[in-house]
Amino acid sequence: MTTFVNQRDGIFPSVCPLDCPDQCGLLLHKEDGKIIKVEGDPNHPITQGNICNKVRNMKERIYDKNRLQFPMKRVGAKGEGKFEQISWEEAIDTITSRWKKLIDIDGPESILPYSFYGNMGNLTAEGMDRRFFHRLGASQLNRTICQSAGTTGYKYTMGGNIGIDPEDTIHTKLFIFWGINAVSTNMHQITLAQKARKNGAKMIVIDVHKNQTGRMADWFIPILPGTDGALALGMMHILFAENMVNEEFLQAFTVGHHELREHVKQYDPLSVSRTTGVPVEDIYKLARMYGETTPSYIRIGNGLQHHDNGGMSTRTIACLPALTGQWLVKGGGAIKSNSGFLAFNEEKLQRPDLLINKETRVVNMNEIGKKLLELDPPIKSMYVYSCNPAVVAPEGNKVREGLRREDLFLVVHDLFMTETAKYADIVLPSTSSFENTDFYGSYWHHYMQIQQPVIESYGESKSNVEVFRLLAKGMGFTEDAFTETEAEMITRALDHPENPYLTDIQYESLIEKQYVKANVKPLLPGKLPTPSGKIELYSEKMKQDGHPPLPTYFPIVDDGDFPYLFVPAPNHNFLNSTFSNIQKHQSLEKEPRIHMNVLDAEAEGIENGETVMVWNQRGECELKVSVGDNVLPGVIVSQGLWANIPGTKQLVNTLTPDRLSDMGGGATFFSGRVAISKL
């Protein structure tokens with residue numbers, strides 16, 4: 001496993017570790033033991049050598065002068081960022097001694113892990129860490145900040161994270177990119193769409209912001225935030241009314257089409273237009289294009305699920321391909337996530353059996369600010385890794401206030417002194433993915449990939465797996481689960497007979513080939529993993545869970561008496577807060593801005609390029625304005641989670657609500673409201 005590390009010069013296979021559906025195959029060029037170039041692997045069947053700016057410039061991040069090299073302890077005030085170097089021995093002893101005392105006095109649930117997928121490696125994100133915190137008995141974290149609402153909603157319709165093979169979309173004739181800026185967040189789906197467009201395919205983009213994807217569409221449809229489900233129901237109304245549904249498919253492969261036909265009569269185009277901001281004639285045009293074009297494909301994005309109604313909206317859109325029978329046509333159907341095809345054995349990797357108290361409390365990560373300030377009994381220690389909640393989590397002022405608590409023992413394991421790390425008592429240096437052994441599964445394409453270490457660990461940095469082994473030893477844990485090698489952990493995780501798609505994917509085949517495709521066949525004809533085995537337009541399970549069994553539109557929650565809906569969307573050169581601290585990426589992105597409709601700007605007396613205060617009951621930001629027609633009146637869109645530069649007020653998640661979505665405990669980042677004031 002150290003072959004690549006020991007070779008000081010050459011070109012070595014790798015995989016992009018970022019939280020992105022494309023999960024590109026990479027080639028790393030080394031000279032004198034250091035990476036000098038990152039390029040795409042031209043032989044990867046999906047990504048074919050094309051990579052984005054984020055990973056292309058990864059070497060700047062790996063060798064950045066501010067990267068952490070040694071463990072450190074805080075010597076200044078929380079948030080001040082004053083630390084001094086210590087040894088790993090002192091760091092582990094400090095952490096485990098403090099935790100032993102907390103367990104004796106306050107119980108293990110006074111300790112909380114806080115992490116997400118800053119590195120998508122499965123060992124890094126949900127391996128030895130889960131084993132350790134299960135065995136510790138710590139409070140459990142509900143990791144729902146990204147896709148849980150939509151995943152739950154889609155599952156009610158289709159039974160799991162399953163969709164069409166993206167490689168088949170070269171045959172598609174109509175693409176609908178719904179709530180996804182795919183140019184920035186799923187670029188290879190755009191590449192496939194461009195190939196199909198050369199053969200006459202059309203590309204529609206439905207979004208709240210005319211971003212890079214919207215600008216390259218054949219037709220961009222602006223929509224008011226949180227109304228996507230209403231638009232889908234309006235399309236269904238027209239499809240049924242004008243007999244553009246596939247009756248044979250509905251009869252053979254769905255449950256509830258008779259009930260749905262009656263139900264959607266209430267969603268007439270005029271009412272839907274008033275709700276969504278989409279003109280009546282455009283609703284008819286969209287429905288007819290969808291009803292008359294085969295194969296058609298909907299790429300369901302993350303954006304629309306970050307609303308109070310995000311789960312139901314995703315569930316509703318997922319019903320559309322069934323109405324026209326697209327699932328039986330090559331290049332037809334939908335994708336929300338394809339991670340179900342590469343699902344590994346989580347129990348063998350995470351070892352939930354190590355958790356003795358099965359009633360251990362669970363904390364939703366979206367509510368971390370509130371929980372740090374209000375939970376009783378309180379969280380007394382938090383261990384943060386692969387995440388930066390001081391910038392990323394909603395209600396940012398609450399989060400940072402909670403991190404400032406003097407009685408909170410905070411440990412952060414990261415590559416950089418992040419905004420969160422500045423509040424820490426102990427900071428641990430983390431390896432990059434290129435220094436680790438790990439395995440990766442895309443949540444869009446069907447290839448599993450492996451990462452072998454290519455470079456030596458930077459300074460004294462250690463991987464998540466290494467650190468949790470040390471912590472387990474320091475706590476006196478003797479179970480074999482904490483001595484397994486990375487190779488053994490991967491082997492166990494891929495031993496999953498319940499997932500027939502993994503039959504060709506083993507540790508050995510990944511080492512030999514670098515990437516292996518899941519044994520995936522078309523979903524239909526066949527039995528789906530829903531209770532009925534069919535597409536559930538009517539879901540009895542939803543009814544049992546307290547939701548309407550048919551797709552239903554609910555407005556987003558009243559967020560206060562503020563004039564503008566606020567959507568903090570991603571930008572092109574950051575991934576959440578990752579890269580926001582790197583000068584190269586800041587220069588590529590230029591500066592943080594908000595986008596505002598020209599009519600709103602005229603009413604407010606605001607000119608393009610002015611700096612304004614954006615505020616609500618949760619806090620305030622100061623940002624420059626881009627005035628134009630890229631958003632509808634009444635909508636404000638920002639892009640990117642910028643680093644907290646002293647003297648600025650640009651942490652936009654200060655303004656976002658920490659309410660939970662309608663299902664799945666998801667985030668509602670995009671359902672907030674703001675006001676704007678001239679400075």
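One structure accompanies this document, and this report is about it. Remember, predicted model here, so these are calculated numbers, not experimental data.

Analysis parameters
- Residues numbered from 1 in each chain as written.
- Predicted model: local features only at pLDDT ≥ 70, side-chain atom pairs only at ≥ 80, totals over all residues.
- Heavy atoms only, no water.
- Helix = DSSP H or I, 4+ residues; strand = E, 2+ residues; numbered from the N terminus.
- Rg over C-alpha atoms; globule rule 2.2 N^0.38 Å.
- Buried < 20%, exposed > 50% of the residue type's maximum accessible area, 1.4 Å probe, protein only.
- Contact = heavy atoms within 4.5 Å.
- Areas by Shrake-Rupley, 256 points an atom, 1.4 Å probe, with all protein chains shown as cover.
- Lys, Arg positive; Asp, Glu negative; His and termini not counted.
- Charge placed at Lys NZ, Arg CZ, Asp CG, Glu CD.
- 1 Å grid on protein atoms, 1.4 Å probe; cavity = no way out; pocket = protein on both sides within 12 Å on 5 of 7 lines; lining within 4 Å.
- Points joined across faces, edges and corners; volume = space filled by probe spheres on them.
- Nonpolar A, V, L, I, M, F, W, Y, C, P; charged D, E, K, R; others polar.
- Salt bridge = Lys/Arg side-chain N within 4 Å of Asp/Glu carboxyl O.
- Core = buried A, V, L, I, M, F, W, Y, C linked by side-chain atoms within 4.5 Å.
- Pairing = 2+ DSSP bridges.
- Expected span 1.5 Å × (residues − 1).
- Axes fitted to C-alpha atoms, helices over the stretch in contact; angles between N-to-C directions.
- Parallel < 35°, antiparallel > 145°, perpendicular 65-115°, else oblique.
- Left-handed = near helix turned anticlockwise from the far one by under 90°.
- Polar contact = N/O pair within 3.5 Å; in protein donor to acceptor, adjacent residues only side chain to side chain.

**Things to note about the overall build of the chain**
Here is step 1 of the chain: Of the regular secondary structure elements, the chain holds 27 helices and 27 strands.
Here is step 2 of the chain: The C-alpha atoms of the chain give 25 Å as radius of gyration, which agrees with the globular expectation for 679 residues (26 Å, within 12%).
Here is step 3 of the chain: On the principal axes, the C-alpha backbone points of the chain span a range of 70 × 60 × 50 Å.
Here is step 4 of the chain: For the chain, the proportion of its 679 residues judged to be buried stands at 63%.
Here is step 5 of the chain: Looking at the chain alone, contacts between residues at least 24 apart form 75% of all its contacts between residues at least 6 apart.
Here is step 6 of the chain: As displayed, the chain offers around 24900 Å² of accessible surface, 49% of which is attributable to carbon and sulfur atoms.
Here is step 7 of the chain: Of the side chains in the chain, 70 bear a positive and 82 a negative charge, and the two mean positions are spaced by 2 Å.

**Here's the deal with empty space enclosed by the protein**
Here is step 1 of the chain: Taken as a whole and assessed by the stated rule, the structure comprises one cavity of 30 Å³ or more.
Here is step 2 of the chain: A volume near 110 Å³ is recorded for the largest cavity.
Here is step 3 of the chain: Around the largest cavity, the lining comprises 15 residues; the ones closest to its centre are Cys 20, Asp 22, Cys 24, Cys 52 and Met 187.
Here is step 4 of the chain: At the level of secondary structure, the elements contributing two or more residues to the lining of the largest cavity comprise helix H2 (53-56) and helix H8 (182-185).
Here is step 5 of the chain: For the lining of the largest cavity, the element with the most residues is H8, which contributes three residues.
Here is step 6 of the chain: Classifying every residue of the lining of the largest cavity gives nine nonpolar, four polar and two charged.

**A few points about the pattern of salt bridges**
Here is step 1 of the chain: Using the criterion set out here, one finds 34 salt bridges in the structure.
Here is step 2 of the chain: Of the charged contacts, one joins Glu 90 and Lys 73 as a salt bridge, the two residues approaching to 3.5 Å between their closest N and O atoms. Pair noted here: Glu 90 is in helix H4 (residues 88-106) and Lys 73 is in strand S4 (residues 72-74), with a separation of 17 residues, a long-range link.
Here is step 3 of the chain: Where salt bridges share partners, they join Asp 308, Asp 559, Arg 618 and Arg 659 into one cluster.

**With respect to the nonpolar core**
Here is step 1 of the chain: Counting 139 residues, the largest nonpolar core has Trp 178, Leu 320, Trp 327 and Met 382 as its most contacted members.
Here is step 2 of the chain: It is helix H11 (residues 228-241) that provides the largest number of residues to this core, a total of nine residues.
Here is step 3 of the chain: Membership of the second largest hydrophobic core comes to 46 residues, among which are Phe 132, Val 411, Met 448 and Ala 472.

**Things to note about the pairing of strand S18 (residues 438-441)**
Here is step 1 of the chain: Pairing of S18 with strand S19 (residues 447-451) involves four bridges; the strand directions are antiparallel. Considered in S19, the bridge of Asp 438 is made with Gln 451.
Here is step 2 of the chain: Linking S18 back to S19 in an antiparallel pair, the connection comprises five residues.

**A closer look at H4**
Here is step 1 of the chain: Helix length check: H4, at 19 residues, gives a terminal C-alpha distance of 26 Å against a target of 27 Å (1.5 Å per residue), a fit within 8%.
Here is step 2 of the chain: Contact partners of the buried residues in H4: strand S6 (111-115), helix H6 (128-136), strand S15 (381-385), strand S16 (409-414), strand S17 (426-429) and helix H22 (464-475).
Here is step 3 of the chain: Just beyond H4, the residue with positive phi is Gly 107, at close to 90 degrees.

**Structural notes on the layout of surface pockets**
Here is step 1 of the chain: By volume, the second largest pocket is sized at about 390 Å³.
Here is step 2 of the chain: Along the walls of the second largest pocket sit 20 residues, with Arg 215, Asn 571, Glu 589, His 595 and Gln 639 positioned nearest its centre.

**Looking at the packing of H11 against helix H14 (residues 269-276)**
In helix packing, the relevant descriptors are the interaxial angle and the interaxial distance, both defined with respect to the helix axes.
Here is step 1 of the chain: For the pair H11 and H14, interaxial distance at closest approach is 9 Å and the crossing angle is 165 degrees. Looking at the two axes, H11 sits roughly antiparallel to H14. Seen from above, H11 lies across H14 with left-handed handedness. Facing Ala 230, Leu 231, Gly 234, His 237 and Ile 238 of H11, the residues of H14 in contact are Pro 269, Val 272, Thr 275 and Thr 276.
Here is step 2 of the chain: Its residues assigned to classes, the contact of H11 with H14 shows five nonpolar, four polar and no charged.

**Quick notes on the sheet that holds S18**
Here is step 1 of the chain: The three strands lie next to each other as S18-S19-S20, forming an open sheet whose pairing is antiparallel. Two strands bound the open sheet, and with one partner strand each, they are S18 and strand S20 (515-517). Strand-to-strand twist of the sheet, defined as the mean angle between neighbouring strand axes without regard to direction, takes the value 20 degrees.

**Overview of the side chain of Asn 364**
Here is step 1 of the chain: You can see Asn 364 is positioned in strand S14 (residues 362-364).
Here is step 2 of the chain: The class for Asn 364 is buried, based on a relative accessible area of 7%.
Here is step 3 of the chain: Separated by 2.8 Å, the side chain of Asn 364 and the backbone nitrogen of Asn 366 make a polar contact.
Here is step 4 of the chain: In contact with Asn 364, not counting residues within four places along its chain, are Asn 142, Thr 144, Leu 660 and Gly 665.

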